[in-house]
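# A closer look at the structure
Letter by letter, the chains look like this.
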Amino acid sequence: MELAGADMLHIDVMDGHFVPNISLGVPVLASLDKKSDMFMDVHLMISDPAKYASAFVKAGADLLTFHLEAVDKPDEIIDLIHRLGVKAGISLKPATAAKEVFPYLEQVDLVLVMTVEPGFGGQRFMSDMLPKISSIRKEAEARCPSLHIQVDGGINAETGKLCAAAGADILVAGSHLFGADDPHSAMECLR
Ligand code: ZN
């Protein structure tokens, strides 16, 4: 992906509990970090982010994003992540309303809007998530204009454009790049 020109590497961590699938864990991240200088953006789709946050930071994460739905006290997790010395992000599943994240906008570096149900790759983009992106961007405008809004799920040249128009500034692409004959030109297209 470095060769394809990505700005950061987005890594989906699934625990088989918060989402039905299981993906990679701490040792794989640590070995990726050794092989690459890229910014490691780690998306924790796990039930207990507090328990594993420090292990992922030690393994090389530069940004830890957890799910709002997974925790009772998001502010405590945000503090914990910042105390570990990395950036903090908060993610919303498709069914979670934009306003649920509003209380935390000043505290986080990034809000991740899931544009598919988390847990599986290759799903179709949910276009009804576009108003959610706009409403978070609108809320952030006055309060914290530097907030990053990231989208994850079903992103390609066409859906990426819609998300950027709605206010997203970080696009996560999986199948679109990995399935492309020429990942470099697929990436240029997204830009
Ligand atoms: Zn992700």
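Described in the following lines is the structure provided in the data block. (Residues numbered from 1 in each chain as written. Predicted model: local features only at pLDDT ≥ 70, side-chain atom pairs only at ≥ 80, totals over all residues. Heavy atoms only, no water.)

Further remarks concern the coordination of the zinc ion. Protein coordination at the zinc ion comes from H10 (NE2), D12 (OD), H43 (ND1) and D152 (OD), with a distance range of 1.9 to 2.2 Å. Viewed at the metal, the four donor atoms of the zinc ion are separated by angles of 93 to 152°, and the geometry they form is irregular. (Donors = N, O, S within 2.8 Å, 3.2 Å for Na, K, Ca; no water. Tetrahedral: all angles 85-135°; square planar, octahedral: opposite > 155°, others 65-115°.)

So, about the packing of aromatic side chains. Taken as a whole and judged by the stated rule, the model has zero aromatic pairs. Across the ring face of F18, the terminal group of K93 is positioned such that the distance to the ring centre comes to 4.5 Å. (Phe/Tyr/Trp six-rings, centres within 6.5 Å; stacked < 30°, edge-to-face > 60°. Lys NZ or Arg CZ within 6 Å of the ring centre and 35° of its normal.)

Quick look at the sheet that holds strand β3 (residues 63-67) now. Spatially, β1-β2-β3-β4-β5-β6-β7 is the arrangement adopted by the seven strands of the open sheet, whose pairing is parallel. Two strands bound the open sheet, and with one partner strand each, they are β1 (8-14) and β7 (170-172). When the angles between neighbouring strand axes are averaged without regard to direction, this sheet yields 20°. For β1 and strand β2 (residues 39-45), the ladder comprises seven bridges, and the chain directions are parallel. Along β2, the bridge assignment pairs L9 with M40. Against the sheet, helix α1 (residues 26-35) makes contact with β1 and β2, and its axis sits at roughly 165° relative to β2, the strand it touches most. Along the sheet, helix α3 (residues 74-83) makes contact with β3 and β4 (87-92), crossing β4 at roughly 150°. (Pairing = 2+ DSSP bridges. Helix = DSSP H or I, 4+ residues; strand = E, 2+ residues; numbered from the N terminus. Axes fitted to C-alpha atoms, helices over the stretch in contact; angles between N-to-C directions. Contact = heavy atoms within 4.5 Å.)

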